[in-house]
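Architecture and fold: a report
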Amino acid sequence: MLVNYPEAAHWQVDPSRQDLVDEMRARPRGPHSHDLQRLLHRMRWTGVGKRHVLITLDPGRRWMLARLPGQRGAPVETFPNRVFTSLIEAEWTVFAMRWEALTGQKLD
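The notes below deal with the structure included here. All of these numbers come straight from a predicted model, not from anything done at the bench.

1. Remarks on the packing of helix α1 (residues 18–26) against helix α2 (residues 34–44)
- Here α1 crosses α2 at 85 degrees, and the two axes come no closer than 10 Å. Judged by the inter-axis angle, α1 sits roughly perpendicular to α2. Contact residues: Leu20, Glu23 and Met24 in α1; Asp35, Leu36, Leu39 and Leu40 in α2.
- Broken down by class, the residue content of the contact of α1 with α2 amounts to five nonpolar, no polar and two charged.

2. Examining the pattern of salt bridges
- Summed over the entire model, instances satisfying the criterion amount to six salt bridges.
- Put simply, Arg27 and Glu23 hold a salt bridge, and the shortest N to O gap is 3.3 Å.
- Accessibility expressed as a relative area gives 38% for Arg27, which makes it partly exposed.
- For the salt bridge of Arg29 with Glu91, the shortest nitrogen-to-oxygen distance reads 2.7 Å. Here Glu91 lies in helix α3 (residues 87–103) and Arg29 lies in the loop between α1 and α2, a separation of 62 residues in the sequence.
- Within the structure, one salt-bridge network assembled from shared partners comprises Arg17, Asp19 and Asp35.

3. So, the packing of aromatic side chains
- Scanning the entire structure with this criterion turns up two aromatic pairs.
- Ring plane angle 25 degrees and centroid distance 5.4 Å describe the contact between Trp92 and Phe95, whose orientation is recorded as stacked. With Trp92 and Phe95 both in helix α3, this residue pair falls three residues apart, about one helical turn.
- When the ring of Phe95 is compared with that of Trp99, the centres are 6.3 Å apart and the planes differ by 25 degrees; the resulting orientation is stacked.

Conventions and cut-offs
Residues numbered from 1 in each chain as written. Predicted model: local features only at pLDDT ≥ 70, side-chain atom pairs only at ≥ 80, totals over all residues. Heavy atoms only, no water. Axes fitted to C-alpha atoms, helices over the stretch in contact; angles between N-to-C directions. Helix = DSSP H or I, 4+ residues; strand = E, 2+ residues; numbered from the N terminus. Parallel < 35°, antiparallel > 145°, perpendicular 65-115°, else oblique. Contact = heavy atoms within 4.5 Å. Nonpolar A, V, L, I, M, F, W, Y, C, P; charged D, E, K, R; others polar. Salt bridge = Lys/Arg side-chain N within 4 Å of Asp/Glu carboxyl O. Buried < 20%, exposed > 50% of the residue type's maximum accessible area, 1.4 Å probe, protein only. Phe/Tyr/Trp six-rings, centres within 6.5 Å; stacked < 30°, edge-to-face > 60°.

See the structure below:
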């Protein structure tokens, strides 16, 4: 069951928490620990716009990387050169980009 924690939107991300990165890599579809759920919630609700997201091109088969605009109603920026045929790899890519945006640290 998905649990949302209102306080998680302000949860302080600790860049030294490699255990959360390892957990996401090992079980991208869950179940997730309490702290990883909080991290994912924080990543999903950070700021207004400019977040990387996935656009479904072909349901269950292909996804494209995109970035939400900074203003409501502005076009979504798409990256046609970043199309995935694996949802797990696509979600990992977005996780890594959001991790870098929050921590300043790049993941492998």
